[in-house]
Amino acid sequence: DGGITQSPKYLFRKEGQNVTLSCEQNLNHDAMYWYRQDPGQGLRLIYYSQIVNDFQKGDIAEGYSVSREKKESFPLTVTSAQKNPTAFYLCASDRDRVYQPQHFGDGTRLSIL
Amino acid sequence: AQTVTQSQPEMSVQEAETVTLSCTYDTSESDYYLFWYKQPPSRQMILVIRQEAYKQQNATENRFSVNFQKAAKSFSLKISDSQLGDAAMYFCASFHSSGNTPLVFGKGTRLSVIA
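Rules behind the numbers
- For every chain, the first residue of the written sequence is number 1, and numbering continues from 1 along that sequence.
- The naming scheme follows written order: chains are lettered A onward, ligands numbered 1 onward.
- Only residues with pLDDT of at least 70 are given local features in this predicted model, and only at 80 or more are side-chain atom pairs given and counted; all residues enter the totals for whole chains, interfaces and linings.
- Hydrogens and waters are ignored; side-chain quantities use all the structure's heavy atoms.
- Numbering goes from the N terminus for both helices and strands, where a helix is a DSSP run of H or I of at least four residues and a strand is a run of E of at least two.
- Categorising residues by exposure relies on relative accessible area from a 1.4 Å probe, with only protein chains included: less than 20% of the type maximum marks a residue as buried, more than 50% marks it as exposed, and the intermediate range marks it as partly exposed.
- Residues count as neighbours in contact if any of their non-hydrogen atoms are within 4.5 Å of one another.
- The Shrake-Rupley method, run with a 1.4 Å probe sphere, supplies the accessible areas, and residue values consider only the shown protein chains as cover.
- For this count, His and the chain ends are skipped, Lys and Arg are scored as positive, and Asp and Glu as negative.
- To locate a charge, the coordinates of NZ of Lys, CZ of Arg, CG of Asp or CD of Glu are taken.
- Pairing of aromatic rings covers Phe, Tyr and the six-membered ring of Trp, with a centre-to-centre limit of 6.5 Å; geometry is then stacked below 30 degrees between planes, edge-to-face above 60, and tilted otherwise.
- The criterion for a charge sitting over a ring is simple: Lys NZ or Arg CZ within 6 Å of the ring centre, and within 35 degrees of the ring normal.
- Put simply, buried area is how much 1.4 Å-probe accessible surface two parts lose in total, over both of them, once they are put together.
- Throughout this description, the term salt bridge denotes a Lys or Arg side-chain nitrogen within 4 Å of a carboxyl oxygen of Asp or Glu.
- Under the rule applied, a polar contact is a pair of N or O atoms within 3.5 Å (in protein, one hydrogen donor and one hydrogen acceptor; residues adjacent in sequence only if both atoms are side-chain atoms).
- Under the grouping applied here, Gly and all other residues not named as nonpolar or charged are polar, the nonpolar ones being Ala, Val, Leu, Ile, Met, Phe, Trp, Tyr, Cys and Pro and the charged ones Asp, Glu, Lys and Arg.

A.B. asks: How would you sum up the overall build of chain A? Please name residues and give values.
C.D. replies: From N to C terminus, chain A includes zero helices and 11 strands. When the helices and strands of chain A are read in sequence order from the N terminus, they spell out β-β-β-β-β-β-β-β-β-β-β. Taken along the three principal axes of its C-alpha coordinates, chain A extends 40 × 25 × 25 Å. Relative to its full complement of 113 residues, chain A shows a buried share of 50%. Across chain A, the fraction of contacts at a sequence separation of at least 24, relative to all contacts at a separation of at least 6, is 53%. Roughly 5500 Å² of accessible area belongs to chain A as shown, and the carbon and sulfur atoms make up 45% of that amount. Looking at charge distribution, chain A has the averaged site of its 13 positive side-chain charges lying 6 Å from that of its 13 negative ones.

Next comes the structure, spelled out in structure tokens:
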């Protein structure tokens, strides 16, 4: 079955360390997204990519970086510049949001050691 | 810029009863789409229902229906015959078809279902 795979499910980061969250999709979707979810904040967009080798900043891009070298993959790096990285991170993808709404992965929970 | 507001952080409903979750949005566009997503404790996001702004008829999916008031920019979700499995966070979202903008989400409403 097609879907979105996020890994790992849980991730711990030490102070000053960069960590990378993986997101892979086999839905042949062109667009991919990263959201951060905090209690009471809903989903906030970090970065999105509508095509390979291109991506745009969302509302809270500071302290994060992404790449889109392959259609299937959209990894998110949480850098040491992100001072409050503890959150739940969701990856999503879509091809046509009107008739094929966004599909979401199961998420990664990132915590600070 | 689009904004989506959910004014009810938490709601509760008795099993088998009906509950309505509120959502208002702000946009200057004429062509847009509205969605309700459900996030159960497993934290997976599930699409519940969607509404095209150009359609006057309210969308319905089984026990879920919307009350779309375009002039008031209101998009409420009604859940009929509530079930224990309906307990979840519910997010309202919108996007404009022009400019290929991403979805904008509200902050969510936590729904509890009381047996």
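Now that the structure has been shown, the text picks up again.
A.B. asks: Quick one: what's the story with the packing of aromatic side chains, residue by residue and with numbers?
C.D. replies: This model, assessed by the stated rule, comprises 15 aromatic pairs over all chains. A centroid spacing of 5.9 Å and a plane angle of 80° characterise the contact between Tyr47 of chain A and Phe55 of chain A, whose relative ring orientation is edge-to-face. With a centroid separation of 6.0 Å and an interplanar angle of 15°, the aromatic rings of Phe35 of chain B and Phe95 of chain B are classed as stacked. With Phe35 of chain B in strand S5 (residues 32-39) and Phe95 of chain B in strand S10 (residues 88-96), this residue pair connects regions lying 60 residues apart in the sequence. Across this residue pair, the class does not change: Phe35 of chain B and Phe95 of chain B are buried. Counting every residue linked through ring pairs, the aromatic cluster contains Tyr33, Tyr35, Tyr48 and Phe104 of chain A together with Tyr33, Phe35, Tyr37, Phe95 and Phe105 of chain B. Stacked on the ring of Phe88 of chain A, the Lys or Arg Arg43 of chain B has its end atom at 3.9 Å from the ring centre.

A.B. asks: For the interface of chain A and chain B, give the residues involved together with the corresponding values.
C.D. replies: Of the residues lining the interface, 20 residues belong to chain A; the matching set on chain B comes to 18 residues. For the pairing of chain A and chain B, the buried interface totals around 1800 Å² over both sides, and the portion due to carbon and sulfur atoms is 54%. Between chain A and chain B we count zero salt bridges in total. The interface formed by chain A and chain B holds three residue pairs in polar contact (both at pLDDT 80 or more) in total. Every element with two or more residues in the side of chain A that touches chain B is listed here: strand S4 (31-38), strand S5 (42-51) and strand S9 (87-94) of chain A. Ranked by residues supplied to the side of chain A that touches chain B, first place goes to S5 of chain A with five residues. Of the residues belonging to the side of chain A that touches chain B, the class tally is 11 nonpolar, six polar and three charged.

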